[in-house]
Amino acid sequence: MATFLYRLGRLAFRRRHFVALIWVALLTLAGVGAASAPVAGSSSFSVPGTEAQKAFDLLEQRFPGMSADGATARVVFKAPGGEKVTAKDNKAVVEKTVRELRDGSEVVSVADPFVAHSVSKDGTIAYAQVKYRVSGMELKDASKDALKQAAQGARDGGLTVEVGGDALSAVPETGATEVIGIAVAAVVLVITFGSLVAAGLPLLTALIGVGIGVSTITALASALDLGSTTSTLAMMIGLAVGIDYALFIVSRYRAELAEGREREEAAGRAVGTAGSAVVFAGLTVVIALVGLAVVDIPMLTKMGVAAAGTVAIAVLIALTMIPALLGYAGRTVKPAGEKSRLLGGGRAAAGRKRPNMGTRWASLVVRRPLPVLLLGVVALGAAALPASKLELGLPDDGSQPTSTTQRRAYDLLSDGFGPGFNGPLMVVVDAKASDRPKAAVTKVTDDIKGMKDVVTVTPATYNKSGDTAMITVIPGSKPSSTTTEDLVHGIRDAGVGVEADTDAKLLVTGTTAMNIDVSQKLNDALLPYLALVVGLAFLLLIVVFRSILVPLKAALGFLLSVTAALGAVVAVFQWGWLSGLMGVEETGPIMSMMPIFMVGVVFGLAMDYEVFLVTRMREAYVHGESPGQAIVTGFRHGARVVTAAAVIMIAVFSGFIGSSEAMIKMIGFGLAIAVFFDAFVVRMALVPAVLALLGRRAWWLPKWLERALPNVDVEGEGLRTEAGAGPRDPDTDQDRELVRA
């Protein structure tokens, strides 16, 4: 591996014009495709195998043209203070609005509140239900504009009007904080490299990689049903790993220059050593993201595969375009320890410099490993405690900011009709196999009316054949409550008795029931997914490190960091700690896909630092240093870079906390805090402490397994014969003295 990448790096350095031309052409091609592609909205949502999805599919068959998954809108009217919507003037405004709503070409039906009896008991609030023949993703802008104009016309008539439902779903905005995150990354790179040119290379290549990835997703969005969230996730992860991978290689290149090597040779060695770590780190991220397919939720699978593709592009760009750009940069990229003239340098520092912070910290940990280990574990354990109170759910209009019309409509409906009105349950009775279909439906209706927490049960609506019926059930509790979840399970349990007595099948669906089914499906998939991803990555790391205990320690450290990160997410988004600082306007259950998503993404990102930091230690150990000296050497070369990479990744992820979409905001915060815990507590403290306690046992591998494993040579041992041993590292003796001290 190292030898192949070494040759690739030198080739890219020499043929830099050709390499740069290829990547610019790919970026142009992807950009043209994105510009000519239709705009994508929110991805269509289906969950194969769940009862709610089966009910939707049945409705499509038995009620043709009804568009069970079509977009809906609830136009909510509130009379001025002291008046009622049933008053003559107010009623006229509502009826005029209903007529305007019916004019749309994509509208299936509009329920007049005075005919459908959708007026609150006190007469102050009413709503009109609008049903569309296409999903919210497919709804034309003209239909959305007509909905907004009708609502505005009613406002002009003196009523308070808000619109809920998925018909007005919008593409999430990330805000200015995303740009701030990139600016922070640029500052960190300048400080790390002491050179504007060297700092600019990782940013440039990361932006090119993300540009190709996101443009490709945009170009294929309509054909593959990829929603706007997919490209946002790809941008988030692509920026973070793209900057980090390039940072690793540029840093190693500068270290090779500092050891006296020529620039082409330094580029080859940088790609051969740090590039090997980048390849395997990228593979762990790709495995984690593609592994989301195990959950069998198409939207999640597409998000994972799209983000994995962006990560693969970031790896390829780091291995080829970085050495090409280093060839263009020439002497403007200084050896490690030198600064550019613009930043007050231009020459190497005279004399021996004192050990850097990474060296001093590693030496301290090697001397006192047990206290460091205990302190780190206790700190992460304390952060993880809130995770024991984790409540899962999917966001609805109740989790939207109060500034949105969807949230205000949600609150008006709760005030006028009760909290359960925002989460109606649709009960589908399939009585095709029953001798008495209507009797079966009547039994279902009577059984549901007698259940706890049921406010209203509407009369059944039959299809043309009379063998299938729909019943709407209004719970007494809000959609995300455990009481409503218990009601759904109660209705489904009652369906067993109905089928035994009448041969009719009962299915519960609707948005609320779908959310419950999705949460259950994600919970059931978490352990198999964790076993698959961690298992595959564990095998991969055995090949990389040629050790059993090092990959095991990496996996256990990841579990600590991801659990602590979930605890922080619960504290902020469920309990409301620091909610004002994070812009969280409404606390509630954690998004159902958050745990499994964090497990996948954080595991892949955590292995980035593990691979880069520990391969440096492995390299030093293979080249003859003692286990303690190897730890210090790894930190002397890698701590500064890993710290910079972690700060950059945290800054990039934190930039998405400013998103208007609750899902993106939660993901951004969760990934940022997870990287903080993993990089600065697990990799910087627990990893050297455990390795120091294990000593030579850390690198133990059974001989039969060593013979069976392929030799990927991540530590670059083969480069000694490829290009000579090279100059001796002058800092090794100093590291030995610090370890002995």
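Counting restarts for each chain: residues are numbered from 1 in the order of the written sequence. Given that the model is predicted, a residue must reach a pLDDT of at least 70 before its local features are reported, and side-chain atom pairs must reach 80 or more before they are shown or counted; all residues, however, enter totals for whole chains, interfaces and linings. The side-chain figures draw on all heavy atoms in the structure; neither hydrogens nor water molecules are used.

For the pair helix α12 (residues 369-384) and helix α17 (residues 549-574), interaxial distance at closest approach is 7 Å and the crossing angle is 40 degrees. Considering the angle they form, α12 stands oblique to α17. Crossing handedness for the pair α12 and α17: left-handed. Facing α12, whose interface residues are Val377, Leu380, Ala383 and Ala384, α17 presents Leu560, Thr563, Ala564, Gly567 and Ala568. A class-by-class count of the residues in the contact of α12 with α17 yields seven nonpolar, two polar and no charged. As a rule, the C-alpha atoms of each element are fitted with a line to give its axis, helices using only the stretch in contact, and angles between N-to-C directions run from 0 to 180 degrees. Secondary structure elements are taken from DSSP: a helix is a run of H or I of four residues or more, a strand is a run of E of two residues or more, and numbering for both begins at the N terminus. Here the angle decides the label: under 35 degrees means roughly parallel, over 145 means roughly antiparallel, 65 to 115 means roughly perpendicular, and every other value means oblique. Left-handed describes a crossing whose near helix is turned anticlockwise from the far helix by less than a right angle; the clockwise case is right-handed. Residues count as neighbours in contact if any of their non-hydrogen atoms are within 4.5 Å of one another. Each residue gets one of three labels, nonpolar for Ala, Val, Leu, Ile, Met, Phe, Trp, Tyr, Cys and Pro, charged for Asp, Glu, Lys and Arg, and polar for the others, Gly among them.

Looking now at empty space enclosed by the protein. In this analysis, the protein atoms alone were mapped onto a 1 Å grid. Cavities are point sets where a 1.4 Å probe fits without being able to get out; pockets are open sets with protein on both sides within 12 Å along at least five of seven lines; lining residues have an atom within 4 Å of a point. Grid points are joined across faces, edges and corners, and a volume is the space filled by probe spheres set on the points. Enumeration over the complete set of coordinates arrives at three cavities of 30 Å³ or more. Quantified by volume, the largest cavity comes out at close to 70 Å³. What lines the largest cavity is simply Glu100, Leu101, Gly104, Val107, Tyr132, Ser143, Ala146 and Leu147. Where the lining of the largest cavity is concerned, the elements lending two or more residues are α4 (88-101) and α5 (141-156). The biggest single contributor to the lining of the largest cavity is α5, with three residues. Tallied by class, the residues present in the lining of the largest cavity amount to five nonpolar, two polar and one charged.

This part covers the side chain of serine 231. Take serine 231: it is sitting in helix α8 (residues 228-258). Beyond its immediate stretch of four places on either side in the chain, serine 231 contacts Val214 and Ile217.

What pLDDT expresses is the predictor's confidence in each residue, scored from 0 to 100. Across the protein chain, the average pLDDT comes to 83, with 89% of residues at 70 or higher. Per-element averaging of pLDDT across the protein chain places helix α24 (residues 732-740) at the bottom with 48 and α12 at the top with 93. In the model, residues 346-352 has pLDDT below 50 throughout and makes ten contacts with residues more than four positions away in sequence or in other chains. Of the regions scoring below 50 in pLDDT, residues 724-741 engages in 35 contacts with residues more than four places distant in sequence or in other chains.

Of note in this structure, histidine 117 is not a glycine but carries a positive phi near 60 degrees. Not every positive phi belongs to a glycine, and aspartate 503 is a case in point at roughly 65 degrees. Mapped onto the elements of the fold, aspartate 503 is located in the loop between α15 (482-502) and β10 (505-509). Think of it in three bands: with a 1.4 Å probe and only protein chains considered, a residue is buried below 20% of the maximum accessible area for its type, exposed above 50%, and partly exposed in between. On the basis of relative accessible area, aspartate 503 is assigned to the partly exposed category, the value being 45%.

We now examine the sheet that holds strand β4 (residues 160-164). A pair of strands is treated as paired once DSSP finds two or more bridges between them. The sheet built from four strands is open, its strands ordered β2-β3-β1-β4 with antiparallel pairing. With partners counted over all chains shown, the strands left at the sheet margins are β2 (107-111) and β4, one partner each. Going across the sheet, the axis of each strand differs from the next one's by a mean of 15 degrees, ignoring polarity. As paired elements, β2 and strand β3 (residues 125-132) share four bridges and run antiparallel to each other. For alanine 111, the partnering residue across the bridge sits in β3 and is glutamine 129.

Below, the discussion takes up the pairing of strand β9 (residues 468-475). Burial of β9 is extensive: seven of the eight residues sit out of reach of the surface. Pairing of strand β6 (residues 425-430) with β9, which is carried by six bridges, proceeds in the antiparallel orientation. By the bridge assignment for β9, valine 428 is matched with methionine 470. Where strand β7 (residues 454-457) and β9 come together, three bridges link them in antiparallel fashion. Considered in β9, the bridge of threonine 456 is made with isoleucine 474. Looking at chain direction, strand β8 (residues 461-462) and β9 are connected through two bridges and run antiparallel. If you follow threonine 461 over to β9, its bridge partner there is methionine 470. The hairpin turn running from β8 into β9, its antiparallel successor, is five residues long, and glycine 466 in that turn takes a positive phi close to 75 degrees.

Relative placement of two packed helices is described by the angle separating their axes and the distance separating the axes. Between helix α19 (residues 594-622) and helix α20 (residues 627-654), the shortest axis-to-axis distance is 8 Å and the interhelical angle comes to 160 degrees. Relative to α20, the element α19 lies roughly antiparallel. Remark: the crossing between α19 and α20 carries right-handed chirality. Along the lines of polarity and charge, the residues of the contact of α19 with α20 split into 18 nonpolar, four polar and two charged.

It is worth spelling out the side chain of glutamate 625 at this point. Take glutamate 625: it is sitting in the loop between α19 and α20. Here Asp and Glu are counted as negative and Lys and Arg as positive; His is not counted, and neither are the chain ends. Any carboxyl oxygen of Asp or Glu that lies within 4 Å of a side-chain nitrogen of Lys or Arg is treated as forming a salt bridge with it. For the buried glutamate 625, which has no salt bridge, the nearest side chain bearing the opposite charge is arginine 636, at an N-O separation of 5.4 Å. Polar contact is defined as a pair of N or O atoms within 3.5 Å, subject to the rule that within protein one atom must be able to donate a hydrogen and the other to accept it, and that residues adjacent in sequence are counted only when both atoms are side-chain atoms. Among the polar contacts made by the side chain of glutamate 625, one reaches the side chain of threonine 633 at a distance of 2.6 Å.

Moving on: the packing of aromatic side chains. Pairs were defined over the aromatic rings of Phe, Tyr and Trp, the Trp ring being its six-membered one, requiring ring centres within 6.5 Å. Orientation was assigned from the angle between planes: stacked under 30 degrees, edge-to-face over 60, tilted for the rest. Using the criterion set out here, one finds eight aromatic pairs in the structure. Counting every residue linked through ring pairs, the aromatic cluster contains Tyr127, Phe417 and Phe421. Lysine NZ or arginine CZ positioned within 6 Å of the ring centre and within 35 degrees of the ring normal marks a charge as sitting over the ring. The ring of tyrosine 328 carries the charged tip of arginine 16 above its face, separated from the ring centre by 5.9 Å. Geometry around tyrosine 462 places lysine 438 over its ring, the cationic atom sitting 5.7 Å from the centre.

Next up on the list: the pattern of salt bridges. For the structure on display, the rule yields 20 salt bridges. For glutamate 265, the salt bridge is made with arginine 10, and the minimal N-O distance between the two is 3.3 Å. Here arginine 10 lies in helix α1 (residues 2-14) and glutamate 265 lies in helix α9 (residues 263-290), a separation of 255 residues in the sequence. Taking relative accessible area as the criterion, glutamate 265 reaches 13% and is therefore assigned buried.

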